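Breakdown of the fold
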Amino acid sequence: VEGDRIERVIRARAEAMGVPYDQIKKGFTSTAALQRMVTEHEVARVAIFLVSDLSSGVTGQTINVDAGSIMN
């Protein structure tokens, strides 16, 4: 999920490996079908859907909110 925490992780890894930040970030996003990270708002919208009446027919499902990372 995009945000401060993952940015710190990416920066720390880039520094430890001595490679550019963008190279490490691409490693995180290149495996996702959408080629990006999801936002906290995208995760929240799925949670809101699941607690709403709109999801009343949904049972026992796994819903991945990961920009398609698990698809690959």
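Residues numbered from 1 in each chain as written. Predicted model: local features only at pLDDT ≥ 70, side-chain atom pairs only at ≥ 80, totals over all residues. Heavy atoms only, no water.

The next subject is the pattern of salt bridges. Under the counting rule described, the total for this entry stands at 2 salt bridges. Between E42 and R36 there is a salt bridge, and its shortest N-O distance comes to 2.7 Å. The class for R36 is partly exposed, based on a relative accessible area of 31%. (Salt bridge = Lys/Arg side-chain N within 4 Å of Asp/Glu carboxyl O. Buried < 20%, exposed > 50% of the residue type's maximum accessible area, 1.4 Å probe, protein only.)

Further remarks concern the packing of helix α1 (residues 4-17) against helix α2 (residues 21-29). Between α1 and α2, whose axes approach to 8 Å, the crossing angle comes to 125°. As the angle between them shows, α1 and α2 are arranged oblique. As for how α1 packs across α2, the hand of that crossing is right-handed. On the side of α1, the interface is formed by I6, E7, V9, I10, R11, R13, A14 and M17, while α2 contributes Y21, I24, K25 and F28. Grouping the constituent residues of the contact of α1 with α2 by class yields 8 nonpolar, no polar and 4 charged. (Axes fitted to C-alpha atoms, helices over the stretch in contact; angles between N-to-C directions. Helix = DSSP H or I, 4+ residues; strand = E, 2+ residues; numbered from the N terminus. Parallel < 35°, antiparallel > 145°, perpendicular 65-115°, else oblique. Left-handed = near helix turned anticlockwise from the far one by under 90°. Contact = heavy atoms within 4.5 Å. Nonpolar A, V, L, I, M, F, W, Y, C, P; charged D, E, K, R; others polar.)

Attention shifts here to unusual backbone geometry. At Q35, a position not held by glycine, the phi torsion is positive, near 60°. Note that Q35 resides in the loop between α2 and α3 (40-51). The phi dihedral of A67 falls on the positive side, at around 60°, and the residue is not glycine. In this fold, A67 is placed in the segment after α3.

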